[in-house]
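So you can see what is in the structure, the chains are spelled out below.
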Amino acid sequence: MTILVTGATGTLGRHVVKRLRQAGQTVRALTRTPAEATGLPDDVEVVGGDLTKPQTLAAALDGVSAVHLLGATGHDHAPLQTGLQITAMAAEAGVRRLTVLSVGEGGELEQAVRDSGLEWTFVWPIDLMSNALGWAEVIRHTAEVREPYANRRTASADETDVADVVATVLARGGHAGRSLIVSGPEALTPADKVSAIAAATGREIRFTELTDDQARRQWRLEGWPEEGIDFMLHMWATVPETVARVTSAVEEVVGRPPRTFAQWADAHADAFRP
């Protein structure tokens, strides 16, 4: 069968495409800019389309049996508003199985998927370890990470583990009607992650906790807009306990334990070296 992967050039989508090809699946990769789609396997069909414009998706859905659908689009990760049209088109095209990269429970997309008649599974990563790459430049140049709310913990998942979950469900089926919350094997603070990066790179890297006022001053100097600063401080001050919850989703679906942050840091150590 042919499997359509939307967001195929993104951080997670690239890994989903790779895992599906490794499993011998025929893959069609959807992106808004096919001419810029580099780094995908040579035997993957790359097609153009925009999830915010369902009329552009008819050719991409033709002959497809399973779809991986992004739950959010754009640089601001706005929740997808065209889920009803897309799921209707998918069902009409003969799609049977659907995985959705969830952005949280509720909303129009979730209801559209539940009502679609398709064999659906939501996949909701608590947080991706790859978000730590946002520290790469400052670690390379200053060997220090400066952030507020040092005690917040997240059970971040390796993006390749999330891709393995998605690819396994798409290719083999099972787990229909479930919302799979995907985590890593441990809940870590930012300082814990910095320590793991230091060990992986063989460098001394400091973590310094900032007060709200110190964070505001730093982020203003970095050019952040005031609304962005307010949002980030509020988000980190009110991190729910659920983001520290370790789940069994990777082991249930893939059949092995999830990778640790230390393993992720070892694999990405060069990104943090000068």
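Position labels on residues start from 1 in each chain and follow its written sequence. With the structure being a predicted model, the display of local features is reserved for residues of pLDDT at least 70 and the display and counting of side-chain atom pairs for 80 or more, all residues being used for whole-chain, interface and lining totals. For side-chain calculations, the full set of non-hydrogen atoms in the structure is used, while hydrogens and water are omitted.

1. Re the environment of histidine 141
At step 1: Runs of E in the DSSP output that reach at least two residues are strands. Runs of H or I that reach at least four are helices, and both are numbered from the N terminus. Mapping histidine 141 onto the fold places it in helix H5 (residues 136-142).
At step 2: Sequence spacing of histidine 141 and proline 274 is 133 residues, and the spatial spacing of their C-alpha atoms is 6.7 Å.

2. Description of unusual backbone geometry
At step 1: If you check the backbone angles, alanine 143 has positive phi at about 55 degrees while not being a glycine.
At step 2: Relative to the helices and strands, alanine 143 is located in the loop between H5 and strand S9 (144-148).
At step 3: Within the chain, tyrosine 149 stands out as a residue other than glycine whose phi angle is a positive 55 degrees.

3. Focus on the pattern of salt bridges
At step 1: A side-chain nitrogen of Lys or Arg and a carboxyl oxygen of Asp or Glu constitute a salt bridge if their distance falls within 4 Å. Applying the stated rule across the entire model yields 19 salt bridges.
At step 2: Among the salt bridges present, the one from arginine 146 reaches glutamate 144, with a minimum N-O distance of 3.9 Å.
At step 3: Burial classes follow relative accessibility: with a 1.4 Å probe on protein chains only, a residue under 20% of its type's maximum area counts as buried, one over 50% as exposed, and anything between as partly exposed. The exposure class of arginine 146 is partly exposed, given its relative accessible area of 35%.

4. Here we look at the pairing of S9
At step 1: Counted residue by residue, S9 has 4 buried out of 5 residues, so it is predominantly covered.
At step 2: Pairs of strands are assigned from DSSP output, requiring at least two bridges between the strands. Bridge count between S9 and strand S11 (residues 206-210): 5 bridges; the pairing is parallel. When the sheet's bridge partners are listed, glutamate 144 is paired in S11 with arginine 206.

5. Quick notes on the packing of aromatic side chains
At step 1: Think of it this way: a Phe, Tyr or Trp ring, Trp meaning its six-membered ring, pairs with another when their centres are within 6.5 Å, and the plane angle makes it stacked under 30 degrees, edge-to-face over 60, tilted otherwise. Inspection of every chain in the model, using the stated rule, returns 5 aromatic pairs.
At step 2: Their ring planes at 10 degrees and their centres at 4.5 Å tell us that tryptophan 219 and tryptophan 224 sit as a pair that is stacked.
At step 3: Chaining the aromatic ring pairs together yields one cluster made of Trp219, Trp224 and Trp236.
At step 4: Comment: the charge-over-ring label is applied if NZ (Lys) or CZ (Arg) is within 6 Å of the ring centre and within 35 degrees of the ring normal. Looking at arginine 152, its charged tip hangs above the ring of tryptophan 236, at a distance of 3.7 Å from the centre.

6. Looking at the environment of valine 138
At step 1: Mapped onto the elements of the fold, valine 138 is located in helix H5.
At step 2: Put simply, valine 138 and leucine 40 are 98 residues apart on the chain and 29 Å apart in space, counted from C-alpha to C-alpha.
At step 3: Throughout, a contact is declared for two residues whenever any of their heavy atoms are within 4.5 Å. Other than its neighbours up to four places away in sequence, valine 138 contacts Ala143 and Glu144.

7. What about the packing of helix H1 (residues 11-22) against helix H6 (residues 159-172)?
At step 1: Two elements in contact, H1 and H6, have axes separated by 8 Å at closest approach and are oriented at 50 degrees. Viewed along their axes, H1 and H6 adopt a mutual orientation that is oblique. Between H1 and H6 lies a crossing whose hand is right-handed. Contact with H1, carried on its side by Leu12, His15, Val16, Arg19 and Leu20, involves Glu159, Thr160, Val162, Ala163, Asp164, Val166, Ala167, Leu170 and Ala171 of H6 and no other residues of that element. With axes taken as lines fitted to C-alpha atoms, and helix axes fitted only over the stretch in contact, angles between N-to-C directions fall between 0 and 180 degrees. Geometric relationships in this document are graded by angle, where less than 35 degrees denotes roughly parallel, more than 145 denotes roughly antiparallel, 65 to 115 denotes roughly perpendicular, and other angles denote oblique. Put simply, a crossing is left-handed when the front helix is turned counterclockwise from the back one by less than a right angle, and right-handed when it is turned clockwise.

8. Points about the packing of helix H8 (residues 212-221) against helix H9 (residues 226-237)
At step 1: Close contact between H8 and H9 brings their axes to 10 Å; oriented N to C, the two are set at 145 degrees. Along this stretch, H8 crosses H9, giving a crossing that reads as right-handed. Of the residues in H9, those touching H8 at Asp212, Ala215, Arg216, Trp219 and Arg220 are Glu226, Ile229, Asp230, Met232, Leu233 and Trp236.

9. Examining the nonpolar core
When a protein is soluble and globular, its nonpolar side chains tend to lie buried together.
At step 1: As used in this record, nonpolar core signifies buried Ala, Val, Leu, Ile, Met, Phe, Trp, Tyr and Cys residues forming a set joined through side-chain atoms within 4.5 Å. Among the nonpolar cores identified, the biggest contains 29 residues, and Val5, Val16, Leu20 and Val182 are the most heavily contacted of them.
At step 2: Among the secondary structure elements, those contributing two or more residues to this core are strand S1 (2-5), H1, strand S2 (26-31), H6, strand S10 (178-182) and helix H10 (249-254).
At step 3: Here this core gets 7 residues from one element, more than from any other, and that element is H6.
At step 4: When near neighbours in sequence (up to four residues on either side) are disregarded, valine 182 contacts Val123, Trp124, Pro125, Ile126, Ala157, Val162, Val165, Thr247, Ala249 and Val250.
At step 5: Counting residues in each nonpolar core, the second largest holds 21 residues, with Val47, Leu51, Leu118 and Phe122 among its members.

10. Remarks on H9
At step 1: Between its first and last C-alpha, H9 extends 16 Å over 12 residues, near the 16 Å set by a 1.5 Å rise per residue.
At step 2: Of the residues making up H9, those classed as buried are Ile229, Met232, Leu233 and Trp236. One face of H9 carries all of its buried residues, which in axial projection span an arc of 95 degrees. Among the exposed residues of H9, those pointing more than 90 degrees away from its buried face are Glu227, Phe231 and His234.
At step 3: Of the surrounding secondary structure, the elements contacted by the buried residues of H9 are S9 and H8. Helices are assigned an expected span. That span is 1.5 Å times one less than the residue count. Working note: the arc is built from the helix axis to C-beta atom directions.

11. Notes on helix H3 (residues 83-93)
At step 1: For H3, the complete set of buried residues consists of Gly83, Ile86, Thr87 and Ala90. Around the axis of H3, the buried residues are gathered within 95 degrees of arc, so they sit on the same side. In H3, the exposed positions angled more than 90 degrees off the buried face are occupied by Leu84 and Glu92.
At step 2: In the core, the buried residues of H3 are packed alongside helix H2 (58-61), strand S4 (64-70), strand S7 (97-101) and helix H4 (108-114).
At step 3: Just past H3, the residue glycine 94 takes up positive phi, approximately 100 degrees.

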